[in-house]
Amino acid sequence: MLDGNEKRYLLECIESGWISSEGPFIKAFEEKFAARFNRKHAIAVCNGTAALDAAIEALGIGPGDEVIMPSFTIISCVMQIVRNGAKPVLIDADPRTWNMDVSAIEARITPRTKAIMAVHIYGLPVDMDPLLELARKHGLKVLEDAAQMHGQTYKGRACGSLGDISTFSFYPNKHITTGEGGMIVTDSDELAEQCRSLRNLCFKPESRFVHDRLGWNLRMTSMQAALGLAQLERLDEFVARKRRMGALYQQLLGDLEGVQLPQASTDYAESVYWVFGLVLDERLGLTAADAMKRLAAEGIGSRPFFYPMHQQPVLRQMGAIADADRCPVAERLYERGFYIPSGLALTEDQIRTVAATVRRILTL
Ligand SMILES: *Cc1c(COP(=O)(O)O)cnc(C)c1O
């Protein structure tokens, strides 16, 4: 859905010659983004993974530290933690919302715990208030990954406004896209300054090529920011559209036996249906992989759920996973869960076709 001001802003970049990360759209996008999510600072970066890397580095997470985080998430969340010599402490998913089971966090807090990472998964936010209360009580930082949750709220507060530092992705399957891109937001002047420096090789204004710290080149270009600015203008429209698509799938598939659909709402939020996931009961006799194969044979694309962090070969080989990190709910979600088409460009007719095919394949 690039049919708003995207073309006009992008032409401005080309006609003015300002295409690099020095161009004016970076500042404009950062300012509008910070205002939209009620944050003091927004720092645009080259992707959502880079946003997480910089946030973890800025929080000073290092050797011996522990970070409590979900097992059911994307590898992006854990990479910089283990690269910095810290330990991920993995929490299982809630079987209904598929988010981190917040009630399991306190038992895993130790004197080495430095931060809690909340990752909002698929459509509903993490139950943030008890998590924030635990963080306050134990003096822990909160890193919020809102990559799938632009425009979602938790008890009326914007997702992305709830962590000491919060991150977004603008990959094409996210609610708003810049092709590749990400954003870090925070109210802390100190964290913002570090992230700006880490994004730009930790150049120092006073002695440019003398470095006290290793950073990265995580810069976004003004062309991407031009797209982002145009996309941001339409965020509410996109979220409303996602909710209508999700409601239609719920209506068309709600009575299907043996198939768990996404939870439509909790007492703190209504799903934005970033993706529309299905979890198959054991009694259907099909795994997610079987169902996805059958859908593919009917010309319908689908994607597997996340492979849990505690089972990741790379993390196991590194010795980063302990017995206490086993998460049976996350394992089952991977075995039995997948998601069906839900891109913004999908028409109502296409949704009806997908739903009819899913019904045919999955009827007991
Ligand atoms: C997409 C995503 C990321 C990574 O973002 P990229 O822009 O693809 O690097 C990180 N966390 C979550 C939860 C995501 O969905």
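Residues numbered from 1 in each chain as written. Predicted model: local features only at pLDDT ≥ 70, side-chain atom pairs only at ≥ 80, totals over all residues. Heavy atoms only, no water.

In the annotation of an unreviewed UniProt entry, the entry for the chain reads DegT/DnrJ/EryC1/StrS family aminotransferase, and the organism field reads Chromobacterium phragmitis.

Quick look at the nonpolar core now. Counting 50 residues, the largest nonpolar core has Phe72, Met117 and Tyr122 as its most contacted members. Every element with two or more residues in this core is listed here: strand S1 (41-45), helix H3 (48-58), strand S2 (66-70), helix H4 (79-83), strand S4 (113-119), helix H6 (189-199) and helix H11 (328-336). Ranked by residues supplied to this core, first place goes to H3 with seven residues. Those residues in contact with Tyr122 that lie beyond four places of it in its chain are Phe72, Trp98, Gln148, Met149, Tyr273, Trp274, Val275, Phe305, Phe306 and Tyr339. Core analysis: the next-biggest nonpolar cluster, separate from the first, contains 30 residues, Phe170, Val185, Met220 and Leu235 among them. (Core = buried A, V, L, I, M, F, W, Y, C linked by side-chain atoms within 4.5 Å. Buried < 20%, exposed > 50% of the residue type's maximum accessible area, 1.4 Å probe, protein only. Helix = DSSP H or I, 4+ residues; strand = E, 2+ residues; numbered from the N terminus. Contact = heavy atoms within 4.5 Å.)

Once that is clear, we can look at the sheet that holds strand S9 (residues 182-186). Sheet architecture is open: seven strands sit in the order S1-S9-S8-S5-S4-S2-S3, paired in mixed fashion. Sheet topology places S1 and strand S3 (87-91) at the edges, where each strand pairs with a single neighbour. For this sheet, the mean inter-axis angle between neighbouring strands, taken without regard to orientation, is 20 degrees. As judged from the five bridges shared by S2 and S3, these two strands associate in the parallel manner. Looking across to S3, one finds that Ile68 is bridged to Val89. On top of the sheet, helix H2 (residues 24-36) reaches S1, strand S8 (165-169) and S9; it is set at about 130 degrees to S1, its chief contact. Docked against the sheet, H3 engages S1, S4, strand S5 (141-145), S8 and S9, running at close to 165 degrees with respect to S8. (Pairing = 2+ DSSP bridges. Axes fitted to C-alpha atoms, helices over the stretch in contact; angles between N-to-C directions.)

With that out of the way, let us pick up helix H7 (residues 222-232). Most of H7 is tucked away, with 10 of its 11 residues classed as buried. Along H7, the positions that sit buried rather than exposed are Ser222, Gln224, Ala225, Ala226, Leu227, Gly228, Leu229, Ala230, Gln231 and Leu232.

To continue, consider the domain arrangement of the chain. The domains assigned to the chain are domain 1 (6-232) and domain 2 (236-362). With 43 residues of domain 1 at the contact, the number on the domain 2 side is 44 residues. The junction of domain 1 with domain 2 conceals about 3500 Å² of combined surface from both sides, 65% of it contributed by carbon and sulfur atoms. On the domain 1 side of the contact with domain 2, Trp98, Tyr122 and His175 bury the most area, a combined 22% of that side's loss. Along the contact surface separating domain 1 from domain 2 lie three salt bridges. Linking domain 1 to domain 2 there are 17 residue pairs in polar contact (both at pLDDT 80 or more). Among the elements of the structure, S2, S3 and strand S6 (153-154) are those that each provide at least two residues to the side of domain 1 that touches domain 2. The element best represented in the side of domain 1 that touches domain 2 is S3, accounting for five residues. Split by residue class, the side of domain 1 that touches domain 2 holds 22 nonpolar, 12 polar and nine charged. (Domains from an automatic or database assignment. Buried area = accessible area lost by both parts, 1.4 Å probe. Salt bridge = Lys/Arg side-chain N within 4 Å of Asp/Glu carboxyl O. Polar contact = N/O pair within 3.5 Å; in protein donor to acceptor, adjacent residues only side chain to side chain. Nonpolar A, V, L, I, M, F, W, Y, C, P; charged D, E, K, R; others polar.)

This part covers the site of the ligand. Close contacts around the ligand come from 14 residues, with Gly48, Thr49, Asp145, Ser169 and Lys174 the closest. Within the contact set of the ligand, an oxygen atom lies 2.8 Å away from a side-chain nitrogen or oxygen of Gln148. One nitrogen or oxygen atom from the side chain of Lys174 is found 3.0 Å from an oxygen atom belonging to the ligand. If the ligand stood free it would expose 380 Å²; the protein chains cover 91% of that surface. Ranked by residue count, the leading element in the shell around the ligand is H3, at three residues. Of the residues belonging to the shell around the ligand, the class tally is five nonpolar, seven polar and two charged. (Near = heavy atom within 4 Å. Areas by Shrake-Rupley, 256 points an atom, 1.4 Å probe, with all protein chains shown as cover.)

A word on the packing of helix H9 (residues 288-297) against helix H12 (residues 348-362). Across the interface, H9 lies against H12 with an axial gap of 10 Å and an inter-helix angle of 125 degrees. Here H9 lies oblique to H12, going by the angle between them. You can see that H9 and H12 cross each other, and the crossing is right-handed. Only Thr357, Val358, Ile361 and Leu362 of H12 make contact with H9, whose side of the interface consists of Ala291, Arg294 and Leu295. Taken together, the residues that form the contact of H9 with H12 break down as five nonpolar, one polar and one charged. (Parallel < 35°, antiparallel > 145°, perpendicular 65-115°, else oblique. Left-handed = near helix turned anticlockwise from the far one by under 90°.)

The element strand S11 (residues 276-280) is extensively covered by neighbouring structure, given that five of its five residues are classed as buried. A two-sided burial pattern is seen for S11, the buried positions comprising Phe276, Leu278 and Leu280 on one face and Gly277 and Val279 on the other. In this structure, strand S10 (residues 259-260) lies alongside S11, joined through two bridges in antiparallel fashion. Bridge pairing in S11 places Gln260 opposite Val279. Across four bridges, S11 lies against strand S13 (residues 337-340) in antiparallel orientation. Residue pairing across strands places Phe276 opposite Ile340, the latter belonging to S13.

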